[in-house]
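# Descriptive structure summary
One-letter residues, chain by chain:
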Amino acid sequence: ERTLSGECGQSTHASFHPGQAVSREMVTLKEEKLPLELRSVFGTSHSATIRRTNVLYTVSIGAATGYGESGLPPKKPGVPIYEADADDCLNIFAQWKTAVGEIPAECTYDFFRGLQPANIDAAHLTAVRHLFACLDGLEVLPPHTPGTYRAAKSGIEAALWDCLGVLSGQPVHALFGLTAVPRPGFYTAGLDEPDTMIRNAVEGHRTTPYLKIKVDADVAKCVAILHRIRDALFPSGYTGSVKLWSVDANSACSPAVAREYLEALRPFANLVYMIEQPFPFDVLSRGEDEWAEWVDLKAKFAEIGILVYADESMKTAADVAKLLPIVHGVNVKLEKAGGLRAGLDAIETAGKAGLGLWLGSMVGSTLNSATPAHLLPLAGHGDLDGSMLVQSASDPFEGGFDWLPGNHASHPGHISLTPRPGLGIIRKTPAH
């Protein structure tokens, strides 16, 4: 029977009363596959999907229930970008559930910087500490990798934070010591046939003026699409002072292709804020000559007013220093980082290094989009639109945050967190 650094004591089966231990029967841990039908094909330079299978986790302590979700892009065996599928996550959850065993009478495990939430019963807090201790101490078994563990952990941890927020009556961002501040939210036009991309961009523009537009190595085709989107949205040309677009290459470019984009994007420099992940996902191991090209391209893009951000190459805080010579900013995603706490570590590390901060989400339900939103006050921008890409009938949740309308006087297209406890999401009542 495994122990956790001596910080969790003997288990108990005592029935719950205020001030007493929580029995294992008062703690419920559930998992299930979450099939999602998308509104249209969502394409990137390395995949295209019309449906996804994520994993939904439920953690209940007493009368409080929390939810978490692992957003899972198509798994690419042997390619350390997206390493987990639903079966991987379910297997890791089962390992965690086994490790949890019984709930101890005492547990002093510090799961987050000495956090002592107010308005929570000590026995409930003990249960939360024990669940976090088991999750953090889990030694996943082969064939799982650190990447599969982080993907599963991100959703399990989200359910724990949601439950803790409900227990304490506080939103998760407040538990992290953050104040809700509206931030620009981007809508993603996935790579598709040109007419479909224009239609999707126009539809997204109804919610937010901020757009992320997927591209690949076919520069002429993609720039033609950018022209058509600009003409559709700004028939008289764009004259605003705020940059509204991100161009996302998803690792599609060689240095030569990136230089083509450098020239092709010059006419869009007043609209395009950044180019995201132009370099290969394994750029850190590509050799000195190619590395020198990307260092130079960072400077060249900056000269025309476009920043370079990392996504696929940016996983945890440990990647920040390695990427610093070739990027101006990083896109932090919880499934890659390993959850809210690891995401916070990555954001803080990047911020100290002087990098721009972006929060992203995977395609998923409202729950999956709402989770990283609680760290958005620390970032400049975010594309937390994963649930907007999903058919409403597939999405079992609502809430989390609001999109301020595109004609809002001060914060058009910004994401505004709700004050509801936990992650702020509400489970829909199933239709009968």
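Structure first, text after, so check above.
Residues numbered from 1 in each chain as written. Predicted model: local features only at pLDDT ≥ 70, side-chain atom pairs only at ≥ 80, totals over all residues. Heavy atoms only, no water.

Let's shift gears to the environment of Gly 204. Here Gly 204 is to be found in helix H5 (residues 194–205). On the accessibility criterion, Gly 204 (0% relative accessible area) is buried. When the C-alpha positions of Gly 204 and Tyr 187 are compared, they lie 5.7 Å apart, and in sequence the two are 17 residues distant. Ignoring anything within four residues of it in the chain, the contact list for Gly 204 reads Tyr 187 and Leu 211. (Helix = DSSP H or I, 4+ residues; strand = E, 2+ residues; numbered from the N terminus. Buried < 20%, exposed > 50% of the residue type's maximum accessible area, 1.4 Å probe, protein only. Contact = heavy atoms within 4.5 Å.)

What follows covers the packing of aromatic side chains. Going through the model one piece at a time under the given rule, you end up with 18 aromatic pairs. With 5.4 Å between their ring centres and 65° between their planes, Phe 93 and Trp 96 make a pair best called edge-to-face. One end of the pair is Phe 93 and the other is Trp 96, both in helix H1 (residues 86–100) and 3 residues apart, which spans about a single turn. No difference in accessibility class separates Phe 93 from Trp 96, as the two residues are buried. Aromatic side chains Trp 245 and Phe 268 sit 6.3 Å apart centroid to centroid with 25° between the ring planes, which places their arrangement in the stacked category. Of this pair, Trp 245 sits in strand S7 (residues 245–248) while Phe 268 sits in the loop between helix H7 (255–264) and strand S8 (272–276), placing them 23 residues apart in sequence. This pair shows no difference in class: Trp 245 is buried, exactly as Phe 268 is. Taken together, Phe 111, Phe 112, Phe 132, Trp 161 and Phe 176 form an aromatic cluster joined through their ring pairs. (Phe/Tyr/Trp six-rings, centres within 6.5 Å; stacked < 30°, edge-to-face > 60°.)

This part takes up the pattern of salt bridges. The full count for this structure, using the stated rule, is 25 salt bridges. The partner of Asp 195 in a salt bridge is Arg 228, with the nearest N and O atoms 2.8 Å apart. Within this pair, whereas Asp 195 is found in helix H5, its partner Arg 228 is found in helix H6 (residues 219–233), the two being separated by 33 residues in sequence. Here Lys 212 makes a salt bridge to Asp 383, at a shortest N to O gap of 3.0 Å. Linking Lys 212 in strand S6 (residues 211–214) with Asp 383 in strand S12 (residues 381–383), this pair joins segments that are 171 residues apart in sequence. (Salt bridge = Lys/Arg side-chain N within 4 Å of Asp/Glu carboxyl O.)

Okay, the environment of Gly 137 next. Locating Gly 137 in the fold gives a position in the loop between helix H2 (122–136) and helix H3 (146–168). The spacing of Gly 137 and Trp 96 is 41 residues in sequence and 9.2 Å in space, taken between C-alpha atoms.

A few words on H2. Across its 15 residues, H2 extends 21 Å between first and last C-alpha, which sits within 8% of the 21 Å expected from 1.5 Å per residue. In terms of burial, H2 is a largely internal element, 13 of the 15 residues being buried. Taking the backbone nitrogen of Ala 123 as reference, a side-chain oxygen 2.8 Å away marks Asp 121 as the first, capping residue of H2. (Expected span 1.5 Å × (residues − 1). Polar contact = N/O pair within 3.5 Å; in protein donor to acceptor, adjacent residues only side chain to side chain.)

The bond known as a disulfide is covalent and runs between the sulfur atoms of two cysteines. Counted by the stated rule, this structure contains 0 disulfides. Note on Cys 89: no disulfide assigned, nearest cysteine sulfur contributed by Cys 134 at a separation of 19 Å. No disulfide involves Cys 253; its nearest neighbouring cysteine sulfur is the one of Cys 222, lying 8.9 Å away. (Disulfide = S-S within 2.5 Å.)

The first and last C-alpha atoms of H6 sit 21 Å apart over 15 residues, in line with the 21 Å expected at 1.5 Å per residue. Within H6 the residues assigned to the buried category are Val 219, Cys 222, Val 223, Ile 225, Leu 226, Ile 229, Arg 230 and Leu 233. Down the axis of H6, the buried side of the element spans an arc of 150°, and every buried residue falls inside it. Its buried side turned inward, H6 meets H5, S6, S7 and H7. (Arc of directions from axis to C-beta.)

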